[in-house]
Number of protein chains: 6
Amino acid sequence: MQILPLFFISCLLLSSSSSSHAAVQDFCVGDLTAPQGPAGYSCKNPSTVTVNDFVYSALGIAGNTSNLIKAAVTPAFAAQFPGVNGLGISSARIDLAPGGVVPFHTHPGGSEILIVLQGTITAGFVSSANTVYFKTLKVADIMVFPQGLLHFQVNAGNTVATAFVSFSSSSPGLQLLDYALFGNNLPTELIAATTFLDSAQIKKLKAVLGGTG
Amino acid sequence: MQILPLFFISCLLLSSSSSSHAAVQDFCVGDLTAPQGPAGYSCKNPSTVTVNDFVYSALGIAGNTSNLIKAAVTPAFAAQFPGVNGLGISSARIDLAPGGVVPFHTHPGGSEILIVLQGTITAGFVSSANTVYFKTLKVADIMVFPQGLLHFQVNAGNTVATAFVSFSSSSPGLQLLDYALFGNNLPTELIAATTFLDSAQIKKLKAVLGGTG
Amino acid sequence: MQILPLFFISCLLLSSSSSSHAAVQDFCVGDLTAPQGPAGYSCKNPSTVTVNDFVYSALGIAGNTSNLIKAAVTPAFAAQFPGVNGLGISSARIDLAPGGVVPFHTHPGGSEILIVLQGTITAGFVSSANTVYFKTLKVADIMVFPQGLLHFQVNAGNTVATAFVSFSSSSPGLQLLDYALFGNNLPTELIAATTFLDSAQIKKLKAVLGGTG
Amino acid sequence: MQILPLFFISCLLLSSSSSSHAAVQDFCVGDLTAPQGPAGYSCKNPSTVTVNDFVYSALGIAGNTSNLIKAAVTPAFAAQFPGVNGLGISSARIDLAPGGVVPFHTHPGGSEILIVLQGTITAGFVSSANTVYFKTLKVADIMVFPQGLLHFQVNAGNTVATAFVSFSSSSPGLQLLDYALFGNNLPTELIAATTFLDSAQIKKLKAVLGGTG
Amino acid sequence: MQILPLFFISCLLLSSSSSSHAAVQDFCVGDLTAPQGPAGYSCKNPSTVTVNDFVYSALGIAGNTSNLIKAAVTPAFAAQFPGVNGLGISSARIDLAPGGVVPFHTHPGGSEILIVLQGTITAGFVSSANTVYFKTLKVADIMVFPQGLLHFQVNAGNTVATAFVSFSSSSPGLQLLDYALFGNNLPTELIAATTFLDSAQIKKLKAVLGGTG
Amino acid sequence: MQILPLFFISCLLLSSSSSSHAAVQDFCVGDLTAPQGPAGYSCKNPSTVTVNDFVYSALGIAGNTSNLIKAAVTPAFAAQFPGVNGLGISSARIDLAPGGVVPFHTHPGGSEILIVLQGTITAGFVSSANTVYFKTLKVADIMVFPQGLLHFQVNAGNTVATAFVSFSSSSPGLQLLDYALFGNNLPTELIAATTFLDSAQIKKLKAVLGGTG
């Protein structure tokens with residue numbers, strides 16, 4: 001059958017010029033050691049790709065919620081799960097102990113869809129028009145958060161809550177508001193000027209989140 | 001504060017010209033009664049949008065698996081869950097009774113990420129290079145299926161299996177191979193010529209799946 | 001010349017089926033009274049489009065900075081300047097009185113490039129990795145702010161400062177942090193839980209920005 | 001089988017709210033009488049779509065080359081062939097009598113690939129770096145022209161030449177340099193100032209191409 | 001003239017830092033020996049690009065149809081014709097001997113437009129809604145096949161048929177149904193479970209197409 | 001706090017495999033010495049990125065207008081300002097001495113928005129339908145030029161005019177009509193055949209712009 005030889009030929013041509021880059025573009029498993037570009041990581045040599053590049057098991061382990069927010073976000077973005085590189089999708093697991101909170105944050109690079117797997121979660125986002133959309137979700141409810149908007153998730157019950165989220169990007173990013181403001185070296189007076197928060201409040205949270213300046 | 005009045009002004013301008021189309025583009029909740037275009041449904045008037053447009057609860061109900069494939073796929077695409085319209089993401093629930101199978105299918109419009117919520121599932125896909133990638137997944141394993149490639153999910157255990165899937169499109173489409181071949185009026189001889197299946201085999205499956213011709 | 005008649009013919013065909021929708025897709029001047037979709041507003045009938053649809057003069061007027069932030073942002077997005085609809089670009093003017101500040105905000109839908117036209121401005125953004133990038137810019141310096149990241153601009157001098165900004169979207173959106181948190185009906189306790197701010201601080205800012213709950 | 005009923009249900013839901021907009025997004029056959037947006041025409045009701053919406057026969061007729069350029073371009077863009085609307089592809093036929101020329105032009109919206117069906121054609125384009133790439137093509141040679149760059153096709157033989165071209169957009173546009181400069185009401189002095197052509201030359205070509213001013 | 005020097009300067013700057021990567025982004029001729037990313041191959045150094053990178057002549061040779069399907073598909077994708085890399089378009093030639101068939105297949109990465117050059121071809125596709133669209137095409141008829149949907153082409157006459165096809169991607173991919181199912185090591189029982197085909201039928205086609213397991 | 005360690009972990013993993021490629025995708029500052037792909041330059045190692053990568057000061061210097069067109073265009077594209085790489089935006093400065101002209105040109109890769117900073121400028125573009133849109137702009141007027149269309153800017157006054165422009169691409173390209181036609185080695189007879197200009201006119205402009213052939 002001609003089709004098959006043709007593809008062999010093109011593969012041979014490629015092999016002859018390079019043994020490490022084939023023509024398959026169905027997928028582009030990320031090679032984290034190679035250059036990355038605006039569209040993502042370089043592609044791993046398809047000849048070395050196995051099913052294990054497309055399967056990720058780390059979301060089976062509950063994140064450690066013994067922390068300030070009694071919560072954990074375990075990402076399966078391209079940097080952790082290279083199989084999604086270039087496919088426009090990725091995921092993460094959210095664990096919320098009783099009283100747990102994923103504080104206000106954004107994903108600059110993608111929209112998010114969340115499904116509650118355990119417990120009840122109050123989730124919400126704020127639009128550019130400053131309208132608040134929030135609701136308490138029960139097991140199996142799904143909620144969508146449009147790209148780039150501030151949103152949060154809070155454990156609404158007395159038991160552990162768990163959620164699985166997916167994103168419309170293989171590298172959606174995660175900007176946690178408190179970390180962006182209080183977890184780096186942005187000077188207190190500049191934070192005060194650009195947030196109208198009191199300096200005492202800013203310094204109090206910097207002390208908690210490791211900020212300086 | 002000038003910023004706020006400015007936005008009021010722009011809203012007033014819009015309102016004066018039209019009370020049913022505002023300027024918010026953070027999201028575009030689908031209006032299923034209005035024209036749709038290549039990018040999706042027209043946007044519902046933002047002033048009538050509530051949090052319930054962004055929350056969907058139908059995936060909490062197990063699909064009916066009393067059928068040929070002992071399986072059900074319950075979609076939450078833009079047509080069922082208009083809140084995802086234009087956001088580049090959607091979801092679905094998969095229920096697999098013991099022996100249940102989601103037969104070979106493709107999503108022409110998006111990549112898919114699957115998480116096993118219950119039971120064990122053998123899932124796989126075939127690349128353009130005809131390489132098969134399949135594995136038996138346990139609870140909390142995730143697997144990604146690149147856009148447009150043939151893939152399947154099979155219950156690998158003796159108990160009910162459930163999965164939650166997300167897509168990199170608000171309308172990924174779903175083309176079930178058996179339905180495409182045997183569930184319509186495509187003439188048997190044409191199917192035979194384009195699949196090399198025996199006519200008897202084709203007619204047998206047409207009888208099961210309601211195909212004619 | 002055949003080419004021209006051919007286009008006349010296609011126009012006639014269109015006209016015969018509809019006098020209000022032509023085939024030009026070079027541009028799609030927004031019709032704010034027609035349905036909008038995920039890609040933007042419906043197109044104004046090209047036969048009624050004039051050069052004035054592509055020119056906007058409102059940025060010539062300084063925004064009113066007699067307000068809390070001593071600053072004003074005057075947008076020229078698709079909602080104000082329909083000529084940019086669908087062209088992937090838009091602009092705005094920033095006026096900063098002495099002491100003026102454009103507080104922390106994001107543009108969920110696009111990257112921004114800023115040029116200082118007058119005065120000196122300290123501008124900065126925070127990355128997903130919580131690194132702060134900020135600098136004091138002089139006249140004619142340009143700075144780029146990646147899509148969706150928190151950023152700010154502050155008048156760094158004792159005179160009026162002005163900037164012109166452009167965006168990689170005709171509707172980039174504008175989410176002002178303080179308005180998102182303190183300018184709506186998000187309950188104080190929920191804000192406290194999701195920001196770790198003290199209730200007193202939250203109530204103080206709600207009083208200033210018109211928030212309730 | 002559950003999958004099928006599910007889709008029936010979603011169709012019923014849609015039908016109940018509207019008999020003229022279904023959920024299929026595999027394709028979006030253009031409805032030239034409905035509003036168009038930045039992404040293309042509104043979709044024709046899928047229930048009225050037939051195979052004839054996806055087939056176009058007008059390219060079987062040679063364009064009339066009894067004209068100034070001894071050439072004709074017959075487009076099969078979304079405006080002529082609505083089946084390509086939203087699919088990111090379209091085509092056209094080029095007829096070149098002996099001495100025929102498709103003068104310098106651009107397609108603002110897409111890249112082009114050309115195959116020679118008859119005769120020999122000298123085709124070329126110029127890059128942003130002002131490098132010229134041109135070659136005489138024989139039957140079955142293909143050549144690609146990157147989006148937006150000035151290019152041309154000339155009959156290189158003494159017999160009729162024909163080509164079939166495709167574009168990476170359903171509405172690539174066609175801007176013919178001579179028509180853009182000399183076929184409208186752009187004042188001669190403005191053309192002279194912006195092209196450095198002599199006024200006599202400009203007026204000579206305006207007379208041929210119907211320009212005024 | 002200042003514009004020109006400016007560009008020289010920018011080129012010099014680039015050259016100083018690297019002699020092998022220039023700033024031209026009009027095109028990105030694929031360097032098949034360099035890393036590839038989700039958007040395609042790395043760009044060949046523009047200074048070494050010639051017109052021959054944009055011209056491809058292999059489609060002038062009829063594919064060998066002395067095979068099972070009496071047909072051949074000769075691709076001109078980025079892997080064979082690197083000049084299309086990143087331009088969102090590519091092509092292929094289809095040869096059909098009498099009785100020839102291009103069996104059911106999909107292109108996961110792009111839509112296709114076909115023109116009949118010789119003979120008559122019955123072509124069709126099936127939508128996600130399982131509707132079949134097929135028709136017998138004569139010379140110069142064009143037909144469009146939406147991205148990712150199963151489609152086929154069959155020689156409808158007693159003479160050789162030839163077609164030229166283009167795609168809305170430089171690497172659309174090609175998944176042949178029979179090869180995906182019967183041309184690899186997917187276990188027979190798994191194929192049976194996911195297609196409802198009889199094991200005998202599967203083994204019969206595996207024997208023909210080189211499948212194992 | 002679990003979120004933070006998680007990100008440390010992912011960074012460590014990356015560092016272990018490679019010290020020069022981190023996971024941040026908020027931005028991709030161009031590394032002009034590394035391979036570039038269709039989406040832009042490879043990303044500079046984020047750990048070496050500073051605020052100076054996002055700030056560019058060269059537009060503060062007036063371009064040299066002592067030239068044929070009494071004008072200068074100073075680009076801040078990805079090749080000059082690598083911080084915009086992959087962000088879908090870039091800028092440039094236009095200087096027009098009295099009598100200065102930016103001759104007819106296109107940007108194949110993006111739409112443009114212009115703001116007049118000094119003087120008065122007559123600017124215009126021509127659509128695919130050969131309609132001319134031009135107007136004399138005063139200080140602070142903005143005008144948008146759709147992607148790929150021929151446009152120009154002319155100093156409309158007796159004083160220096162200056163403009164700042166932005167583009168919807170980090171590498172929009174710049175094709176100057178006169179340079180494309182008269183500034184390279186395109187043979188005079190081919191230019192004459194494809195533009196209908198007189199040979200004398202062509203040779204006159206080639207002499208001015210350095211064209212040969």
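Procedures and definitions
- Residues numbered from 1 in each chain as written.
- Chains lettered and ligands numbered in written order.
- Predicted model: local features only at pLDDT ≥ 70, side-chain atom pairs only at ≥ 80, totals over all residues.
- Heavy atoms only, no water.
- Buried < 20%, exposed > 50% of the residue type's maximum accessible area, 1.4 Å probe, protein only.
- Helix = DSSP H or I, 4+ residues; strand = E, 2+ residues; numbered from the N terminus.
- Arc of directions from axis to C-beta.
- Contact = heavy atoms within 4.5 Å.
- UniProt positions renumbered as here; feature names shortened; annotations may be inferred.
- Polar contact = N/O pair within 3.5 Å; in protein donor to acceptor, adjacent residues only side chain to side chain.
- Salt bridge = Lys/Arg side-chain N within 4 Å of Asp/Glu carboxyl O.
- Phe/Tyr/Trp six-rings, centres within 6.5 Å; stacked < 30°, edge-to-face > 60°.
- Buried area = accessible area lost by both parts, 1.4 Å probe.
- Nonpolar A, V, L, I, M, F, W, Y, C, P; charged D, E, K, R; others polar.

Structural notes on helix α4 (residues 199–209) of chain A
Buried within α4 of chain A we find Q201, I202, L205, K206 and L209 of chain A. The buried residues of α4 of chain A occupy an angular sector of 135 degrees when the element is viewed end-on, so they sit on one face. Residues of α4 of chain A that are exposed and angled more than 90 degrees away from the buried face: A200, K203 and A207 of chain A. Buried residues along α4 of chain A sit in contact with α2 (177–182) and α3 (188–195) of chain A together with α3 (188–195) and α4 (199–209) of chain C. Two residues or fewer past α4 of chain A, G210 of chain A is found with a positive phi of approximately 85 degrees.

Some thoughts on the UniProt feature "binding site: oxalate" (unreviewed entry) in chain A
Residues and elements named next belong to chain A. The UniProt record annotates "binding site: oxalate" (unreviewed entry) at H107 and E112. Here H107 is to be found in the loop between β6 (101–106) and β7 (112–118). Discounting chain neighbours no more than four positions away, the residues touching H107 are E112, Q147, G148, H151, F167, P172, G173 and L174. Among the structural elements, E112 can be located in strand β7. Side chain to side chain, E112 and H107 meet in a polar contact 3.0 Å long.

As for the pattern of salt bridges
Residues and elements named next belong to chain C. Overall, the coordinates contain 24 salt bridges over all chains when judged by the stated rule. Across the salt bridge formed by D95 and R93, the nearest N and O atoms sit 2.8 Å from each other. Given the relative accessible area of 3%, D95 is considered buried.

Structural notes on the packing of aromatic side chains
Counted according to the given criterion, the structure contains 63 aromatic pairs over all chains. On the numbers, 5.8 Å between centres and 90 degrees between planes, the contact of F27 of chain C with Y133 of chain F is edge-to-face. Here the residue F27 of chain C occupies a position in the loop between α1 (3–17) and β1 (36–37), and Y133 of chain F occupies one in strand β9 (residues 132–137), the pair thus bridging two chains. Of the two residues, F27 of chain C and Y133 of chain F, neither departs from the other in class, the shared state being buried.

Focus: the interface of chain B and chain A
The interface is formed by 47 residues belonging to chain B together with 47 residues belonging to chain A. Across the chain B/chain A interface, buried area totals approximately 3,700 Å², and carbon plus sulfur atoms make up 72% of it. Our count for the chain B to chain A interface comes out at 0 salt bridges. Linking chain B with chain A are 13 residue pairs in polar contact (both at pLDDT 80 or more). Taken together, the elements giving at least two residues each to the side of chain B that touches chain A come down to β3 (55–56), β5 (90–96), β7 (112–118), β9 (132–137), β10 (142–145) and β12 (161–167) of chain B. The greatest single-element share of the side of chain B that touches chain A, amounting to 4 residues, is contributed by β9 of chain B. Counted by class, the side of chain B that touches chain A contains 29 nonpolar, 14 polar and 4 charged residues.

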